[in-house]
Amino acid sequence: MITVTEELAIPENELWFTASGSGGPGGQHVNKTSSRITLWFDVAGSPSLGPEQKERIQQRLPTRINKNGLLHISAQRHRSQTANREQTIERFAQLLADALEESPTRKKTRIPRRAKKRRLENKKHQGRKKQLRTKIPFDEQ
């Protein structure tokens, strides 16, 4: 079981992994082995997630979900498949936790009266400065 939040844990049998060749450190070793690991998770078909959770994940992680509803995360930092697999699982849990986190509602605030007054005074000052730059005095126009 992969613990995402206190209320949500996803069984490992809902995930599957694919290996492919990766770049990065390793020299000749990189050319011979498939050390990049890609984690796949079916968001739409997961029995562990509720409908609201599925909707929230799809809204907050649209670039990581393909048109078939599969979430994919890959890792290729390490030379071994097992280390990359561990990294993808950690990133998966963190991404889901962040996506499912409730964002606080915005509290409406007012602009302070003094700030409005200061802004208008600054605008008037800038306008006077530009009037003084004209060749013809403002009164004769």
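Just above, that's the structure.
Residues numbered from 1 in each chain as written. Predicted model: local features only at pLDDT ≥ 70, side-chain atom pairs only at ≥ 80, totals over all residues. Heavy atoms only, no water.

Novice: Help me understand the environment of Ser74 in this model?
Specialist: Within the secondary structure, Ser74 is located in strand β5 (residues 70-75). Ser74 sits 54 residues away from Ser20 along the chain, and the two C-alpha atoms are 9.9 Å apart. The residues touching Ser74, leaving out its near neighbours within four places in the chain, are Arg36, Ile37, Thr38, Thr88 and Arg91. (Helix = DSSP H or I, 4+ residues; strand = E, 2+ residues; numbered from the N terminus. Contact = heavy atoms within 4.5 Å.)

Novice: I tried to follow the sheet that holds strand β3 (residues 15-20) on my own but got confused; where do I start?
Specialist: Strands belonging to one sheet form pairs held by backbone hydrogen bonds; the direction of such a pair is parallel or antiparallel. Read across the sheet, three strands follow the order β3-β4-β5 without closing on themselves; strand pairing throughout is antiparallel. One side of each edge strand has no neighbouring strand; the edge strands of this open sheet are β3 and β5. Looking at each pair of strands side by side, their axes are set apart by 25° on average, direction ignored. Docked against the sheet, helix α3 (residues 81-100) engages β3, β4 (36-42) and β5, running at close to 135° with respect to β5. (Pairing = 2+ DSSP bridges. Axes fitted to C-alpha atoms, helices over the stretch in contact; angles between N-to-C directions.)

Novice: Just checking my understanding: could you explain a positive patch on the surface for this structure?
Specialist: Where like charges cluster on the molecular surface, the positive patch consists of Arg110, Arg113, Lys116, Arg119 and Lys123. Examined against the element boundaries, Arg110 turns out to sit in the loop between α3 and α4 (113-132). We classify Arg110 as exposed; its relative accessible area is 74%. (Patch = residues over 30% accessible without salt bridge, like charges linked within 9 Å, V, L, I, M, F, W, Y side chains within 5 Å. Areas by Shrake-Rupley, 256 points an atom, 1.4 Å probe, with all protein chains shown as cover. Salt bridge = Lys/Arg side-chain N within 4 Å of Asp/Glu carboxyl O. Lys, Arg positive; Asp, Glu negative; His and termini not counted. Charge placed at Lys NZ, Arg CZ, Asp CG, Glu CD. Buried < 20%, exposed > 50% of the residue type's maximum accessible area, 1.4 Å probe, protein only.)

Novice: Would you mind going over the nonpolar core with me for this structure?
Specialist: Soluble globular proteins tend to pack their nonpolar side chains together in the buried interior. Counting 18 residues, the largest nonpolar core has Phe41, Ile57, Leu71 and Phe92 as its most contacted members. With six residues, the top contributor of residues to this core is α3. (Core = buried A, V, L, I, M, F, W, Y, C linked by side-chain atoms within 4.5 Å.)

Novice: Would you take a moment to explain the environment of Glu14 for this structure?
Specialist: Secondary-structure assignment places Glu14 in the loop between β2 (9-10) and β3. For the pair formed by Glu14 and Val43, sequence separation is 29 residues and the distance between their alpha carbons is 9.6 Å. Those residues in contact with Glu14 that lie beyond four places of it in its chain are Trp40, Phe41, Ser46, Pro47 and Ser48.

Everything listed here is a matter of geometry and, on its own, says nothing about what the molecule does.
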